[in-house]
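Okay, here's what each chain looks like letter by letter:
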Amino acid sequence: MLKRLIYSREGVLSIIVLAMFFGVGVISPDFISLSNSVSIFNDTSILIMLALGQMLVILTRCIDLSVAANVAFTGMFVAMVNQYFPELPMALLIFLSLFIGALLGAINGLFVWLLKVPSIVITLGTMSIYRGATFLLSDGAWVNSHQMSESFIGLPRYEILSMPVLGWMAIVAIILFFWAMKFSVWGRNFYSAGGNPMAAFYSGVNVGKVQFYAFLVSGTLSGLCGYLWVSRFAVAYVDVANGFELQVIAACVIGGVSIVGGLGTVVGCVIGALFIGVVNNALPIIGVSPFWQMAISGLVIIIAVIANATSGKDKARIILRNPNANDEIRAN
Amino acid sequence: MDTTIKKSATPDSMFTSKLQGLLRWESFLVLIVFLVCVMNSYLSPYFLDPWNLSDATFNFTEKALIALPMAMLIIAKEIDISVAAIISLSSTLMGLVAQMGAPVYAVAFVGILAGAACGLFNGVLVTRFKIPSIVVTIGTMSLFRGISYILLGDQVVRDYPDGFEFFGQGYVYWVFSFELVLFAFFALVFYWLLHRTTFGRYTYAIGNNPTASYYSGIKVDKHRLILFTLVGVMSGVASILLTSRLGSTRPSIAMGWELSIITMVVLGGVSILGGSGTIAGVVLAVILMGLVTFGMGLLNIPGIVMTIIVGVMLITVVSLPVLITLYKNKKAKAL
């Protein structure tokens with residue numbers, strides 16, 4: 001059991017993350033203190049939640065490039081609602097962010113489900129549309145911290161058991177996803193729809209509908225993260241989270257979610273996101289210029305996928321599989 | 001597109017099939033380009049000025065140069081989203097060589113060489129380790145631009161040798177800039193390569209069925225490697241033009257270009273699933289995007305609104321054929 005755990009992909013990855021974490025701790029003991037660990041986790045929360053949503057999409061052989069634009073649009077929307085109606089309760093604003101995010105995600109999902117258009121094209125398009133819509137909405141203006149209400153900024157920072165609400169939200173998301181992906185039919189369908197769409201189709205799984213759900217969840221989480229992002233950095237502007245979608249996809253890929261679908265775990269995905277979080281937080285501590293960060297994460301992605309592709313022991317890993325096997329279904 | 005035409009053409013209706021031949025994606029693009037021209041010249045009296053039009057071409061020639069090999073790569077069922085990062089790395093290396101006092105041609109050579117090396121690196125990762133190209137190039141996208149950041153940090157390189165500015169700012173004859181002439185030249189080269197050589201036919205074959213191509217004796221991996229290198233080389237060329245036009249290099253140069261380049265290719269009727277598409281379509285899409293951007297610029301519409309329109313165009317372009325097929329099927333069922 002222990003051996004299996006260590007040899008599993010998640011095991012190896014967590015050992016690497018822990019080694020990095022404690023390695024930096026040797027240089028700077030403050031880094032591994034409890035409060036700093038909590039703050040690293042808190043810092044990575046948004047990435048974790050977006051990566052979980054993205055994982056569902058990638059499992060069903062799609063990709064969602066519009067998450068960062070969704071974050072920007074929803075963030076701007078709730079920030080402006082808060083600016084003009086500061087007396088609205090926070091619960092309503094959070095519901096609004098979930099709703100708008102879900103709506104934007106549903107647009108992606110409907111195109112993929114009903115028209116069977118490749119998701120990379122649709123989300124490439126909606127990515128520019130949502131980002132542009134953010135500009136139209138705000139007219140290019142910023143919403144700054146003094147224009148936001150106190151509770152709007154305070155909510156993700158509110159500490160329960162010395163961890164901010166932001167971090168707790170990520171933990172709730174992780175638990176919910178872990179349960180759903182392991183024990184609910186709804187969650188298992190994502191694996192079957194992506195692992196073998198043909199077989200899933202003949203077993204009565206509506207592959208297109210499952211893909212729609214994936215986009216819906218990814219969009220809903222992006223909406224929530226839109227509020228969290230804007231509130232955490234206490235500013236909303238058009239270029240919020242620009243290019244963040246690639247970090248989200250990178251977290252999934254590092255975490256072992258196979259881009260050809262059907263393979264990936266919640267734990268792996270979370271560790272993949274934490275990997276990026278630890279690297280980002282460690283670099284300034286060990287005195288490496290932050291300019292190295294991008295190259296390092298690029299290198300890590302490449303090494304991670306090469307490790308995936310060459311690990312022949314793992315028979316379940318179908319990274320070599322022809323990703324077009326679902327074309328036949330799409331043609332019907 | 002093609003399948004819908006074939007399905008509806010019955011053998012005894014030669015006339016309709018010829019008519020439907022005209023209903024190609026390319027003809028549709030020509031029509032839109034024409035409409036945009038008419039609309040633009042109606043909306044703004046400055047549109048039809050030759051110098052204005054010539055200025056407008058600078059907006060898209062560099063991206064268009066990469067769109068040409070990218071079209072071939074996508075036809076072969078692969079994709080490269082690291083192209084903008086290749087521009088950045090190649091521009092950075094050119095800048096460093098220029099700072100050491102290298103002459104113009106050495107600088108340009110370094111640019112192309114760096115591009116080729118990056119493309120080759122992508123190709124080797126894809127073919128040697130059998131990793132999906134989208135994952136590889138997401139990684140190398142960070143890696144290449146990351147190396148630029150390591151080398152330059154927040155610095156800017158401006159000391160390019162005299163004469164280097166010709167590539168991006170020079171004119172060959174009257175209103176025809178060097179960039180435009182170069183694009184026209186490469187458009188012909190890639191037209192020849194894709195539509196008139198066995199290399200091009202192999203590209204379609206691989207895109208339609210890689211396994212069958214392999215068993216028919218096509219060296220699939222070698223072919224992919226060449227295509228990736230070709231994309232790298234053309235990114236290097238685009239990098240020379242862009243660096244020369246701006247006269248400076250920053251690591252953040254050409255940020256986000258990969259998306260507009262892929263949009264150009266898809267808008268040109270190249271199927272993102274591989275196997276179909278033409279260079280003519282891509283060239284028309286490039287011209288269309290250039291004209292729309294330029295026309296909106298004349299009307300003082302901000303650039304970001306343009307991205308909305310490009311996004312809508314992209315989605316419409318891929319959804320329309322599907323919608324038409326669905327509609328036709330419904331009609332067939334009703335009968």
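Residues numbered from 1 in each chain as written. Chains lettered and ligands numbered in written order. Predicted model: local features only at pLDDT ≥ 70, side-chain atom pairs only at ≥ 80, totals over all residues.

Engineer: What am I meant to see in the nonpolar core here?
Structural biologist: In summary, soluble globular proteins display a tendency toward joint burial of nonpolar side chains. Grouped together as the largest cluster of nonpolar side chains are 200 residues, with contacts concentrated most on A:Ala51, A:Val253, B:Ala67, B:Met70, B:Ala71, B:Val265 and B:Val282. Considering every element that reaches this core, the biggest residue donor is helix H11 (residues 207-233) of chain A, with 15 residues. Once you skip the residues sitting within four places of it in the chain, B:Ala67 turns out to touch B:Ile261, B:Met264, B:Val265, B:Val282 and B:Val286. (Core = buried A, V, L, I, M, F, W, Y, C linked by C-beta atoms within 7 Å. Buried ≥ 20, exposed ≤ 12 C-beta atoms within 10 Å, placed from the backbone. Helix = DSSP H or I, 4+ residues; strand = E, 2+ residues; numbered from the N terminus. Contact = placed C-beta atoms within 7 Å.)

Engineer: Explain the UniProt feature "transmembrane region" (unreviewed entry) in chain A here, please?
Structural biologist: All names here are of chain A. Under the feature "transmembrane region" (unreviewed entry), the UniProt entry names residues 12-34, 40-60, 67-85, 91-115, 160-181, 210-230, 251-279 and 291-311. Taken end to end, residues 160-181 comprises 77% helix and 14% strand; its first and last C-alpha atoms sit 27 Å apart. With 100% helix and 0% strand, residues 210-230 has end C-alpha atoms that lie 30 Å from one another. (UniProt positions renumbered as here; feature names shortened; annotations may be inferred.)

Engineer: Sorry, what's going on with the interface of chain B and chain A here?
Structural biologist: Where the parts come together, the accessible area they lose is often given as the size of the interface. Tallying the contact residues gives 39 residues for chain B and 41 residues for chain A. Where the side of chain B that touches chain A is concerned, the elements lending two or more residues are helix H7 (104-129), helix H8 (133-152), helix H14 (257-267) and helix H16 (303-334) of chain B. Per-element tally for the side of chain B that touches chain A: the top contributor is H8(B), with 14 residues. Class assignment for the residues of the side of chain B that touches chain A results in 28 nonpolar, nine polar and two charged. (Nonpolar A, V, L, I, M, F, W, Y, C, P; charged D, E, K, R; others polar.)

Engineer: I would appreciate a short explanation of the packing of helix H3 (residues 34-59) of chain A against helix H12 (residues 244-254) of chain A in the present structure.
Structural biologist: Between two packed helices, both the angle of their axes relative to each other and the distance between the axes serve to describe the pair. All names here are of chain A. Between H3 and H12, whose axes approach to 9 Å, the crossing angle comes to 70°. If you check the angle between H3 and H12, you find them roughly perpendicular. Facing H3, whose interface residues are Leu47, Leu50, Ala51, Gln54, Met55 and Ile58, H12 presents Gln247, Val248, Ile249, Ala251 and Cys252. Looking at the contact of H3 with H12, its residues break down into nine nonpolar, two polar and no charged. (Axes fitted to C-alpha atoms, helices over the stretch in contact; angles between N-to-C directions. Parallel < 35°, antiparallel > 145°, perpendicular 65-115°, else oblique.)

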